[in-house]
Amino acid sequence: MDVSVIIVSYNVKFFLEQCLCALHRSLSNVEGEVFVVDNHSSDGSVAYLSPLFPTVRFIENPYNAGFGKACNQPLELVSGRYVLYLNPDTIIGEDTIVDCLRFLDRHPLAGLVGCRMIDGAGRFLPESKRSFPSATSAFFKLSGLSYLFKSSAFFNRYALGHLPQKNDVAVDVLCGAFMMGGAEKLRALQGFDEDFFMYGEDIDLCYRMSQLGLQNYYLGSTTIVHFKGESSQQHKLKHRKAFYSAMQIFISKHATNRSSMLMQPLLSLAIIMRAVLSFFFIPFQVLQRAFRNRLGNPLPNFSPQFIAKACQSGSSCSGNATLFAISNEHRAKRAIDGLSENSSSDYYWHHCGSLSVVGSNDKNETGCAFALSTSETY
């Protein structure tokens, strides 16, 4: 078998439905299997999806085990030569998996491969390619300096902002939202370090892969959508704290004593700086989002007739909403490559024959997902 796909899911059943539809199409020319580990969702994910995808193996956890631990659960069960870790809020192209498999087959000393990721509005996600964290790079990220100097090889070294987005290059770190590697190599490393609950486990795995003398690669020639929405500033604070904790674990585990000593004061200072910057910039961000007004309007009227028209043509527009309808004739890759981050349109996604529509045009805000047959929305 060529590839085993592992997806960890939590309360995103409609996004996962669209993800699995895209994944099914990407696996059409290779031999593969899919595992979904549900981390104790409360939205009925498994009951909803298991009849729709009978070949997917669902594993239901009685509690939220965290990302790394859940990813490790199927690792001894997989049959593929390679393992793909994939987030449920992604849309991949028809040739994405084939491209990665070909690259890995041609590069036996490759550890892990990832790809170029964009959000639902076409904006590049800088976590697609990164360097190993240091005290200074973590400080620049948390303080906001890396955001202010996005293309700097010094201030934005962590996100490798100086490297072109669309080139295939060797990098230190890939994102756990899409990460493929050899099954035997991953078993030898015992998968993810389960001390990381959220954030950092992908960095740690990339580092340990490099310690085996293997090189990780970013494939800028292959693009996927990673919606990656958060709902509130409170969640952002929670995620910054999680990033802070993950960096502490990584540095204490892998860095020199000198780096570890620098870590605590630099990160503390960075958090203070970020709080000050947020005080000044948040009002401008709120105004900017209100001006863009993306996915903030009432749901468009996606009637059965509108859906049918979209499936015939590949996409349809209703007001400021664009629906990408993926079918055998209209490929996800074409829609992904056609995304324009400067468009005023709100983008939604639907695989023809599926039961839901999803969309998210801002990685910092919750998107929208709803069932076509009912009023169920979240």
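Since this is a predicted model, take the numbers as computed values, not measurements.

Reading the values: the criteria
Residues numbered from 1 in each chain as written. Predicted model: local features only at pLDDT ≥ 70, side-chain atom pairs only at ≥ 80, totals over all residues. Heavy atoms only, no water. Helix = DSSP H or I, 4+ residues; strand = E, 2+ residues; numbered from the N terminus. Buried < 20%, exposed > 50% of the residue type's maximum accessible area, 1.4 Å probe, protein only. Contact = heavy atoms within 4.5 Å. Polar contact = N/O pair within 3.5 Å; in protein donor to acceptor, adjacent residues only side chain to side chain. Pairing = 2+ DSSP bridges. Disulfide = S-S within 2.5 Å. Salt bridge = Lys/Arg side-chain N within 4 Å of Asp/Glu carboxyl O. Patch = residues over 30% accessible without salt bridge, like charges linked within 9 Å, V, L, I, M, F, W, Y side chains within 5 Å. Areas by Shrake-Rupley, 256 points an atom, 1.4 Å probe, with all protein chains shown as cover. Phe/Tyr/Trp six-rings, centres within 6.5 Å; stacked < 30°, edge-to-face > 60°. Lys NZ or Arg CZ within 6 Å of the ring centre and 35° of its normal.

Chemist: Any chance you could explain the overall build of the chain here in plain terms?
Modeler: Of regular secondary structure, the chain possesses twelve helices and 14 strands. Going through the 378 residues of the chain one by one, you find that 54% of them count as buried. Within the chain, counting contacts between residues at least 6 apart in sequence, those at least 24 apart form 74% of the total.

Chemist: Would you explain the side chain of Asn87 in this entry?
Modeler: Mapping Asn87 onto the fold places it in the loop between strand E4 (82–86) and strand E5 (90–91). Among the polar contacts listed, one links the side chain of Asn87 to the side chain of His226, at a separation of 3.4 Å.

Chemist: How do you make sense of the pairing of strand E11 (residues 321–326) when you look at a structure like this?
Modeler: In regular strands, side chains alternate between the two faces of the sheet. Judged by how many residues are buried, E11 sits mostly within the fold: six of six residues are covered. Of the two faces of E11, both are covered, the one formed by Ala321, Leu323 and Ala325 as well as the one formed by Thr322, Phe324 and Ile326. Taking the residues that link successive antiparallel strands as the turn, the strand E10 (residues 315–318)-E11 hairpin has two residues, and the phi of Gly319 there is positive, at about 65°. Where E11 meets strand E12 (residues 346–351), six bridges bridge the pair, whose relative direction is parallel. In the sheet register, Phe324 faces E12, and the bridge partner there is Trp349.

Chemist: How do you make sense of the state of the cysteines when you look at a structure like this?
Modeler: Tallied over the entire structure, the rule returns one disulfide. Disulfide pairing is shown between Cys311 and Cys352; the S-S distance is 2.2 Å. Measuring the twist about the S-S bond at about -115°, one finds the Cys311-Cys352 disulfide to be left-handed. Taken together, the positions of Cys311 in helix H11 (residues 304–313) and Cys352 in the loop between E12 and strand E13 (356–359) put the pair 41 residues apart, joining distant regions of the chain. Judged by its relative accessible area of 27%, Cys352 falls in the partly exposed class. As a non-bridged cysteine, Cys175 has Cys115 as the owner of its nearest cysteine sulfur, 9.3 Å distant. Left without a disulfide partner, Cys206 is nearest to the cysteine sulfur of Cys175, which lies 9.3 Å away.

Chemist: What am I meant to see in the side chain of Glu94 here?
Modeler: Residue position: Glu94 is located in the loop between E5 and helix H4 (96–106). A distance of 3.0 Å separates a polar atom in the side chain of Glu94 from a polar atom in the side chain of Arg25. A polar contact of 2.6 Å, which involves the side chain of Glu94, links it to the backbone nitrogen of Ala332.

Chemist: What am I meant to see in the pattern of salt bridges here?
Modeler: Pairing of side chains with opposite charge becomes possible as their charged atoms draw close. The full count for this structure, using the stated rule, is nine salt bridges. With its nearest N and O atoms 4.0 Å apart, the salt bridge here joins Lys333 to Asp95. Placement of Lys333 in helix H12 (residues 332–338) and of Asp95 in the loop between E5 and H4 is noted, with a sequence separation of 238 residues between them. In this structure, the salt-bridge partner of Asp337 is Lys333, at a minimum N-O distance of 3.1 Å. With Asp337 and Lys333 both in helix H12, this residue pair falls four residues apart, about one helical turn. Residue Lys333 is classed as partly exposed on the basis of its relative accessible area, which comes to 28%.

Chemist: Where do I start with helix H8 (residues 201–211) in this structure?
Modeler: Structurally, the α-helix is built with 3.6 residues per turn, so residues lying three or four positions apart point the same way. Within H8, nine of the eleven residues are buried, which leaves it mostly tucked inside the rest of the structure. What H8 keeps buried is the set Glu201, Asp202, Ile203, Asp204, Leu205, Cys206, Tyr207, Arg208 and Met209. Looking at the residues trailing H8, positive phi occurs at Gly213, about 85°.

Chemist: Explain a nonpolar patch on the surface to me, please; I cannot follow it from the model alone.
Modeler: Taken together, the side chains of Tyr147, Leu148 and Phe149 present a nonpolar region at the surface, about 340 Å² in accessible area. Mapped onto the fold, Leu148 is located in helix H6 (residues 145–148). We classify Leu148 as partly exposed; its relative accessible area is 46%.

Chemist: What is the right way to read the pairing of strand E14 (residues 368–371) from this model?
Modeler: By the alternation rule, side chains of E14 split into Cys368 and Phe370 and Ala369 and Ala371, which are all buried. Of the strand pairs in this sheet, E13 and E14 are connected by four bridges, and their pairing is antiparallel. When the bridges of E14 are listed, Gly359 appears paired with Cys368.

Chemist: In this structure, what is going on with the environment of Ser303? I would like to understand it.
Modeler: Inspection of the secondary structure puts Ser303 in the loop between helix H10 (257–292) and H11. Assessed through its relative accessible area of 18%, Ser303 is described here as buried. Note: C-alpha distance between Ser303 and Leu372 (69 residues apart in sequence) is 8.4 Å.

Chemist: What's the story with the packing of aromatic side chains in this structure? I'm lost.
Modeler: Pairs of aromatic rings are described using the distance from one ring centre to the other and the angle between the two planes. Per the counting criterion, the structure on display carries 13 aromatic pairs. Ring geometry for Phe103 and Tyr217: centres 5.0 Å apart, planes at 65°, overall edge-to-face. Taken together, the residues Phe103 in helix H4 and Tyr217 in strand E9 (residues 215–226) connect sequence positions 114 residues apart. Residue Phe103 is classed as buried on the basis of its relative accessible area of 7%. Seen from their ring centres, Phe302 and Tyr348 are 5.3 Å apart, and the 85° between their planes marks the pair as edge-to-face. Of the two residues, Phe302 sits in the loop between H10 and H11 while Tyr348 sits in strand E12, which places them 46 residues apart along the sequence. Classification of Tyr348 as buried rests on a relative accessible area of 2%. For Lys13, the ring lying beneath its charged end belongs to Tyr48, and the centroid distance is 5.1 Å.

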